[in-house]
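Each chain, written out:
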Amino acid sequence: MLSRMQYDILQASGKVVTLLLAEMQSERELFTSANTLQRVEAHLLVMAQTLAHLPQTLHRRLVQLDWHGWQRLRQLLEQDVHPRSEEVWYGIHALVPATLEMTARLRRQEPVWFEIGF
C-alpha cells in the first residue's frame, strides 16, 4: 500500500509541475515568476522526499534514476540554499520526466507492488 501511495504522490506532483510550466516560454520566465517558482519547488521537494523514502525493493529496481540528482535537489530545497536555478531546471527537465516514466514502467511490470492491499 505504501508503494501505491508513494507512486500516486510522485505522479500527482510531477503532473502539477508539468502543468505549471506548460505556459512558460523560457527558463528566465520561470525564475522571474516568484509564485510559480515557489509552487514548482514545493512539488519538486515533495517528489524528492517521497523518493528518499521508497522501499529498498523499489529503489533497487529504479537503478537508472538519478538518485544523486534527487538527493542534491532535496538538500538545496530543504536547506533553502541559493542559488539553485541550475539544479531546479535540471529537476524540471530531466529528473521529473525520467522519474514519471520509470515509475510508470515499473508499475506496469510489477503491478502487484502497487496494489492497495500489498
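Overview of the structure.

**Description of the nonpolar core**
Judged by nonpolar contacts, the single largest core of 32 residues is most densely connected at Val40, Leu44, Trp70 and Ile92. Mapped by element, the contributors of at least two residues to this core are α1 (2–21), α3 (34–52), α5 (67–78) and α6 (85–109). It is α6 that contributes the most residues to this core, eight residues altogether.

**Remarks on the side chain of Glu41**
Within the fold, Glu41 resides in helix α3. Looking at Glu41, its side chain comes within polar contact range of the side chain of Arg84, at 2.8 Å. Leaving out residues up to four positions away in the same chain, Glu41 has contacts with Leu77, Arg84 and Val88.

**Overview of unusual backbone geometry**
Along the chain, His82 connects to Pro83 via a cis peptide bond; the corresponding omega equals -5°. Relative to the helices and strands, Pro83 resides in the loop between α5 and α6. One non-glycine residue, Asp80, adopts positive backbone phi at about 55°. Along the chain, Asp80 turns up in the loop between α5 and α6.

**What about α3?**
Since the α-helix packs 3.6 residues into each turn, any two residues three or four apart lie on the same face. Here α3 is 19 residues long and its end C-alpha atoms lie 26 Å apart, about the 27 Å a rise of 1.5 Å per residue gives. For α3, the set of buried residues is Thr36, Leu37, Val40, Glu41, Leu44, Leu45, Met47, Ala48, Thr50 and Leu51.

**Regarding α6**
In this model, α6 (25 residues) spans 35 Å end to end at C-alpha, consistent with the 36 Å of a helix rising 1.5 Å per residue. Where α6 bends most, the angle comes to about 40°, and this point is Gly91. Residues of α6 that are buried include every one of Val88, Gly91, Ile92, Leu95, Val96, Thr99, Leu100, Met102, Thr103, Ala104 and Leu106, and no others.

**Section: the pattern of salt bridges**
Tallied over the full model, the rule gives seven salt bridges. Arg4 serves as the salt-bridge partner of Asp8, at 3.2 Å between the closest nitrogen and oxygen. Here Arg4 and Asp8 lie together in helix α1, a separation of four residues that amounts to about one turn. Of the residues examined, Asp8 reaches a relative accessible area of 34% and is grouped as partly exposed. Relative accessible area serves as the criterion here: at 22%, Arg4 is assigned to the partly exposed category. As a salt-bridge pair, Arg74 and Glu78 come within 3.5 Å of each other at their nearest N and O atoms. In this pair, Arg74 and Glu78 are both assigned in helix α5, four residues apart and thus about one turn of the helix distant. Because the salt bridges share partners, they merge into one network encompassing Glu41, Asp80 and Arg84.

The rules behind these values
Residue numbers restart at each chain and count upward from 1, following the sequence in its written direction. A pLDDT threshold of at least 70 governs which residues receive local features in this predicted model, and a stricter bar of 80 or more applies before side-chain atom pairs are shown or counted, although totals over entire chains, interfaces and linings include all residues. In computing side-chain properties, one takes all heavy atoms of the structure into account and sets aside hydrogens as well as water. Among buried residues, the Ala, Val, Leu, Ile, Met, Phe, Trp, Tyr and Cys ones that are joined through side-chain atoms within 4.5 Å form a nonpolar core. Whether a residue is buried, partly exposed or exposed follows from its accessible area with a 1.4 Å probe, protein chains only, as a fraction of its type maximum: under 20%, in between, or over 50%, in that order. Secondary structure counts use DSSP, requiring at least four H or I residues in a row for a helix and at least two E residues in a row for a strand, with both numbered from the N terminus. N or O atoms closer than or at 3.5 Å make up a polar contact, with two conditions inside protein: a donor-capable atom paired with an acceptor-capable one, and, for residues adjacent in sequence, both atoms drawn from side chains. In what follows, a contact means two residues having at least one pair of non-hydrogen atoms within 4.5 Å. By definition here, a helix of n residues has an expected span of 1.5 Å times n minus one. Note that bend, as reported per residue, equals the angle between axes fitted to the 7 residues terminating at that residue and the 7 residues originating from it. The term salt bridge refers to a side-chain nitrogen of Lys or Arg lying within 4 Å of a carboxyl oxygen of Asp or Glu.

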